[in-house]
Amino acid sequence: MRILVTGGAGFLGSHLCERLLSEGHDVLCVDNFFTGRKRNIAHLMSNPYFEVMRHDVTFPLYVEVDQIYNLACPASPVHYQHDPVQTTKTSVHGAINMLGLAKRLGARIFQASTSEVYGDPEVHPQSEGYWGKVNPIGIRSCYDEGKRCAETLFFDYYRQHNLSIKVARIFNTYGPRMHPNDGRVVSNFVVQALRGENITIYGEGQQTRSFCYVDDLIEGFVRLMNAPEDLTGPVNLGNPNEFTIRELAERVIELTGSSSTLIFKPLPEDDPKQRQPDISLAKDRLKWSPTIELDEGLTKTISYFDELLKIADLD
Ligand SMILES: NC(=O)c1ccc[n+]([C@@H]2O[C@H](COP(=O)([O-])OP(=O)(O)OC[C@H]3O[C@@H](n4cnc5c(N)ncnc54)[C@H](O)[C@@H]3O)[C@@H](O)[C@H]2O)c1
């Protein structure tokens, strides 16, 4: 198949392109390189079935493909808050443009949605039936509400135009090719530990997160995309094993052998206290559940950042 991956030069997108190429597909990576990097896809450039197009999804795109994975959107608070209006446009106009393309082509389309649609949840763990508790006017709203609106558009195209849609709600994912300066907790801790700097914890570190290793997540993407027509989602994809932020910091210090110490700063606005996926639907319909333990995933991530810190200027 010819498959379009928007945001294909980003962290998750580059792993997805790699996976699709390894299955023999023809892959078109579309990216405006806001947070994506050429380094992430450099190893794919010599593959004759891989093509890159610099394009911003807030503008219409005219290409011919059989499937579309829509991942374009900055995912970390530092990046999506840098230009919040553009973030909402990327989610909303980007969804409209990619759905319009899918409609014209009769192509199946996958949306990379997020656990942020649950906001600061009142139920725990979160299942897909939970509607969420989201602040519509806060500093995270450009991302959370943009993604919620994109989901609305997907389901309206499904109902109104009979489009084949697949919506994944992704929970915290980590692994090689995360942006080193994106302020996300795993990359922050690993980079701080490798540099021997203090590890910054917001609040007391008792807020919990679940961390999914990237290879597990990409397996979930591909299974959902190729699942029977009636499974539109949303489907939670993430690792239900919960850790406190403090526990994560301690694991990173141990696995890097770092001399870093923990320092504590105030919690940012609207930071959710708890986040854990209920993945019963993915287990049942996709026969999917994560297989990579935190220590194994962290070890691979640490070795990626270790190399990167040696060869690259991280700014
Ligand atoms: N990584 C996670 O834990 C996580 C969790 C939930 C949801 N997601 C979603 O998965 C997708 C990929 O996330 P990621 O972690 O790989 O982030 P990322 O920032 O590494 O990748 C996003 C990619 O989209 C590109 N992009 C941004 N705006 C664009 C635009 N207007 N036009 C074209 N390209 C654009 C960026 O340059 C980048 O390559 C995002 O939609 C994100 O919301 C990720």
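Figured I'd write up the structure that's included with this text. The structure displayed is predicted, hence computed values, not measured ones. (Residues numbered from 1 in each chain as written. Predicted model: local features only at pLDDT ≥ 70, side-chain atom pairs only at ≥ 80, totals over all residues. Heavy atoms only, no water.)

With that settled, consider the site of the ligand. The environment of the ligand is made up of 30 residues, and the closest members are D31, T35, Y143, K147 and R184. Here a nitrogen atom of the ligand and a backbone polar atom of N32 are 3.2 Å apart. Protein chains bury 97% of the 830 Å² of accessible surface belonging to the ligand in isolation. Elements represented by at least two residues in the shell around the ligand include exactly α1 (11-22), α4 (84-105), β5 (108-114) and α5 (141-161). (Near = heavy atom within 4 Å. Polar contact = N/O pair within 3.5 Å; in protein donor to acceptor, adjacent residues only side chain to side chain. Areas by Shrake-Rupley, 256 points an atom, 1.4 Å probe, with all protein chains shown as cover. Helix = DSSP H or I, 4+ residues; strand = E, 2+ residues; numbered from the N terminus.)

Side chains of a nonpolar character, in soluble globular proteins, are inclined to be buried together. Judged by nonpolar contacts, the single largest core of 60 residues is most densely connected at L16, Y69, F110, F221, L237 and L286. Top contributing element to this core by residue count: helix α7 (residues 214-225), with 7 residues. Look past the residues within four positions of L286 in its chain and what remains in contact with it is G220, R223, L224, A227, L231, V235, L237 and L281. Listed in part, the 24 residues of the second largest apolar core include A72, A95, M98 and L99. (Core = buried A, V, L, I, M, F, W, Y, C linked by side-chain atoms within 4.5 Å. Buried < 20%, exposed > 50% of the residue type's maximum accessible area, 1.4 Å probe, protein only. Contact = heavy atoms within 4.5 Å.)

Evaluation of the coordinates by the stated rule reveals 0 disulfides. Looking at the unpaired C149, the closest cysteine sulfur is the one in C73, lying at 12 Å. For C149, a relative accessible area of 30% puts it in the partly exposed group. (Disulfide = S-S within 2.5 Å.)

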